[in-house]
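Here is what each chain is made of, one letter per residue.
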Amino acid sequence: MRVLIAGATGGLGGAFARALKGHDLLLVGRRAQALGDLAREVGGKALPADLTDELEVRALLEEAGPLDLLLHAVGWAARARVREVGRDLLEGMLAAHFLTAALLLKHARWQRGARGVFFGAYPAYVRVPGFAAYAAAKGALEAYLEAARKELAREGVRLVLVRLPAVATGLWTPLGGPPKEALSPEEAARKVLEGLLEEPPPELLEV
């Protein structure tokens, strides 16, 4: 199975890479050194790229070839109230969570029956004071996937939206650390991969 993991150097992306060791792994991220170290660990191929740059995304996916599984584990979080949020934060949040996904979907080539997996958010968890920008970026991604799913189904591609509870990754660092009940990245990856084995895979997988 040819698997592309976007955001492979993050906590969740790295957990997926380790869980899928033995498959044909294409690992994508910005941090070339960390990406290379992970690729050596799991026997994958490191493909450093900026996924907000369409030219880089197109070149990356031409090199990758047809995929069986795409895991979009890209994103970051920040807290800012509506009257304090800056344009850079708004644009950066949308770029990371939404634009990267849209560009991957635009340029990916797929094997018949392939799956594309993207991570939304439970609305009750993120539509709270201080997280309006994060909630909007996740909401944009979820709405885009709902429409894209209908288009790509004609090509035999299944898009899966995953909603996870808190996962203990570096995403929580600027927020003071993860909640005590957060899943480990390894546990989250295992639960997601178990859900993806269903035939047909679910359109919405809530863990």
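Everything that follows concerns the structure shown earlier in this document.
Everything in this summary refers to the structure shown in the same document. Small disclaimer: the values here were computed from a predicted structure and weren't measured. (Residues numbered from 1 in each chain as written. Predicted model: local features only at pLDDT ≥ 70, side-chain atom pairs only at ≥ 80, totals over all residues. Heavy atoms only, no water.)

Considerations on the overall build of the protein chain
Then comes step 1: Looking only at helices and strands, the protein chain features seven helices and seven strands.
Then comes step 2: In the protein chain, the order of α-helices and β-strands from amino to carboxyl end is β-α-β-α-β-α-β-α-β-α-α-β-α-β.
Then comes step 3: Computed over the C-alpha atoms, the radius of gyration of the protein chain is 16 Å, within 12% of the 17 Å expected from 2.2 N^0.38 for a compact globule of 207 residues.
Then comes step 4: The principal-axis extents of the C-alpha atoms in the protein chain amount to approximately 45 × 35 × 35 Å.
Then comes step 5: Among the 207 residues that make up the protein chain, the fraction classed as buried is 49%.
Then comes step 6: For the protein chain, long-range pairs separated by at least 24 residues make up 63% of all intrachain contacts whose partners lie at least 6 apart in sequence.
Then comes step 7: For the protein chain, the accessible surface area stands at approximately 10300 Å², while carbon and sulfur atoms represent 52% of it. (Helix = DSSP H or I, 4+ residues; strand = E, 2+ residues; numbered from the N terminus. Rg over C-alpha atoms; globule rule 2.2 N^0.38 Å. Buried < 20%, exposed > 50% of the residue type's maximum accessible area, 1.4 Å probe, protein only. Contact = heavy atoms within 4.5 Å. Areas by Shrake-Rupley, 256 points an atom, 1.4 Å probe, with all protein chains shown as cover.)

A few points about the packing of helix α1 (residues 11-19) against helix α2 (residues 32-42)
Then comes step 1: It is at 9 Å that the axes of α1 and α2 come closest, and there the two elements cross at 20°. In this view, α1 runs roughly parallel relative to α2, as classed from their interaxial angle. The handedness of the crossing between α1 and α2 is right-handed. Between α1 and α2, the contacting residues are G14, A17 and R18 on the first element and L38, E41 and V42 on the second.
Then comes step 2: Looking at side-chain class alone, the contact of α1 with α2 contains three nonpolar, one polar and two charged residues. (Axes fitted to C-alpha atoms, helices over the stretch in contact; angles between N-to-C directions. Parallel < 35°, antiparallel > 145°, perpendicular 65-115°, else oblique. Left-handed = near helix turned anticlockwise from the far one by under 90°. Nonpolar A, V, L, I, M, F, W, Y, C, P; charged D, E, K, R; others polar.)

Examining helix α4 (residues 87-107)
Then comes step 1: The terminal C-alpha atoms of α4, which comprises 21 residues, lie 28 Å apart, in line with the 30 Å expected from a rise of 1.5 Å per residue.
Then comes step 2: By the largest-angle criterion, A95 marks the main kink of α4, which is about 45°.
Then comes step 3: Among all positions in α4, only L89, M93, A95, A96, H97, T100, A101, A102, L103, L104, L105 and H107 are buried.
Then comes step 4: Looking at the packing, one finds that the buried side of α4 touches β1 (2-6), α3 (54-64), β4 (67-72), β5 (110-119), α6 (132-152) and β6 (158-163). (Expected span 1.5 Å × (residues − 1). Bend = angle between axes of the 7 residues up to and from the residue.)

Topic: the environment of L60
Then comes step 1: Secondary-structure assignment places L60 in helix α3.
Then comes step 2: Residue class for L60 comes out buried when judged on its relative accessible area of 5%.
Then comes step 3: In this structure, the C-alpha to C-alpha distance between L60 and L26, residues 34 residues apart in sequence, is 9.9 Å.
Then comes step 4: The residues contacting L60, other than those within four sequence positions of it, are V28, L47, A49 and L51.

Some details on the nonpolar core
Then comes step 1: Ranked by internal contacts, the top residues of the largest apolar core, which has 29 residues, are F16, L27, V117 and V192.
Then comes step 2: Going through the elements one at a time, β1, α1, β2 (24-29), α2, β4, β5, β6 and α7 (185-196) are the ones with two or more residues in this core.
Then comes step 3: By residue number, the principal contributor to this core is α7, which donates five residues.
Then comes step 4: Discounting residues that sit within four places of it in the chain, L27 has contacts with I5, A8, A17, L35, L38, A39, V42, K45, A46 and L47. (Core = buried A, V, L, I, M, F, W, Y, C linked by side-chain atoms within 4.5 Å.)

Describing the packing of α1 against α7
Then comes step 1: Across the interface, α1 lies against α7 with an axial gap of 8 Å and an inter-helix angle of 60°. The orientation of α1 relative to α7 falls into the category oblique. In terms of crossing hand, the pair formed by α1 and α7 is right-handed. Residues G11, L12, A15, F16 and A19 of α1 lie in contact with α7, whose contacting residues are P185, E186, A188, A189, V192 and L193.

Examining the sheet that holds β4
Then comes step 1: Taken in spatial order, the seven strands of this open sheet run β3-β2-β1-β4-β5-β6-β7, and their pairing is parallel. Two strands close off the open sheet at either side, each with one partner strand: β3 (45-48) and β7 (204-206). When the angles between neighbouring strand axes are averaged without regard to direction, this sheet yields 20°.
Then comes step 2: With five bridges connecting them, β1 and β2 associate as parallel partners. If you follow R2 over to β2, its bridge partner there is D24.
Then comes step 3: Where α3 meets the sheet, it contacts β1, β2, β3 and β4, and its direction lies at approximately 160° from that of β1.
Then comes step 4: In this fold α7 packs onto β4, β5, β6 and β7, with an angle of close to 140° to the strand it touches most, β5. (Pairing = 2+ DSSP bridges.)

Geometric descriptors of this kind do not, in isolation, establish any biological role.
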